[in-house]
Amino acid sequence: MRTLLSANLLAAALTALVMSTASSPVLAVDAEAAQTLAKQNKCFKCHAIDKKKEAIPWKEVAAKYKGKPDAEAKLTKHVTTGPKVKLDDGTEEEHPMVKTKNPDEIKNLVNYILGL
Ligand code: HEC
């Protein structure tokens, strides 16, 4: 089981590597910076990368928007305008906005999520 898991991880890492070298015009995502920003903004209170918490896992977000040309614009809007969202327990609240003055950091976070 352990070996299988790490083999999968390795395969995923290799795929990511191949894909990132194949599509050069897109700037490489800085995953560490994205995660730091997400932690600072407490995004992980409701989201996890690949398991369900109070909200949709980011891997599912990536899957949902796969191949959609307006994905980046949509998600950028989602994390900067505070739309109303429904939590798992049925309550509604305003989605938190990413707090940073640097639009590049938001772009990096959005592309990190889309690339999961
Ligand atoms: C209070 C809980 C909560 C926190 C904290 C939170 N989110 Fe969310 N988020 C949600 C919910 C609920 C949804 C589902 C919205 C829907 O699909 O209607 C969501 C959806 C999303 C989506 C997908 C939007 C889409 O169009 O499918 C992204 C991307 C996202 N959140 C990013 C973030 C980021 C980045 C942060 C940190 C700044 C964050 N979230 C913090 C609850 C939260």
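For the structure, see preceding data.
Notes on the structure in this doc start here. (Residues numbered from 1 in each chain as written. Predicted model: local features only at pLDDT ≥ 70, side-chain atom pairs only at ≥ 80, totals over all residues. Heavy atoms only, no water.)

### Quick notes on the site of the ligand
- Every one of the 21 residues lining the ligand counts as a neighbour, but Cys-43, Cys-46, His-47, Tyr-65 and His-95 are closest to it.
- A distance of 2.8 Å is found between an oxygen atom of the ligand and a side-chain nitrogen or oxygen belonging to Lys-64.
- At 2.7 Å from a nitrogen atom of the ligand is found a side-chain nitrogen or oxygen belonging to His-95.
- The pocket occupied by the ligand, as judged from atoms lying within 2 Å of grid points, is the second largest pocket.
- When contributions to the shell around the ligand are tallied by element, the ones reaching two or more residues are α3 (58–65), α4 (71–81) and β1 (84–86). (Near = heavy atom within 4 Å. Polar contact = N/O pair within 3.5 Å; in protein donor to acceptor, adjacent residues only side chain to side chain. 1 Å grid on protein atoms, 1.4 Å probe; cavity = no way out; pocket = protein on both sides within 12 Å on 5 of 7 lines; lining within 4 Å. Sits in = over half its atoms within 2 Å of the grid points. Helix = DSSP H or I, 4+ residues; strand = E, 2+ residues; numbered from the N terminus.)

### A short note on the packing of α4 against helix α5 (residues 103–114)
- Contact pair α4 / α5: the axes reach a minimum separation of 10 Å and the direction vectors enclose 120 degrees. Taken together, the axes of α4 and α5 lie oblique to each other. Where α4 crosses over α5, the two elements pack in a sense that is right-handed. Together, Ala-71, Glu-72, Leu-75, Thr-76, Val-79 and Thr-80 of α4 and Ile-106, Lys-107, Val-110, Asn-111, Ile-113 and Leu-114 of α5 make up the contact between the two elements.
- Residue classes in the contact of α4 with α5 are distributed as seven nonpolar, three polar and two charged. (Axes fitted to C-alpha atoms, helices over the stretch in contact; angles between N-to-C directions. Parallel < 35°, antiparallel > 145°, perpendicular 65-115°, else oblique. Left-handed = near helix turned anticlockwise from the far one by under 90°. Contact = heavy atoms within 4.5 Å. Nonpolar A, V, L, I, M, F, W, Y, C, P; charged D, E, K, R; others polar.)

Keep in mind these numbers describe shape, not what the thing actually does.
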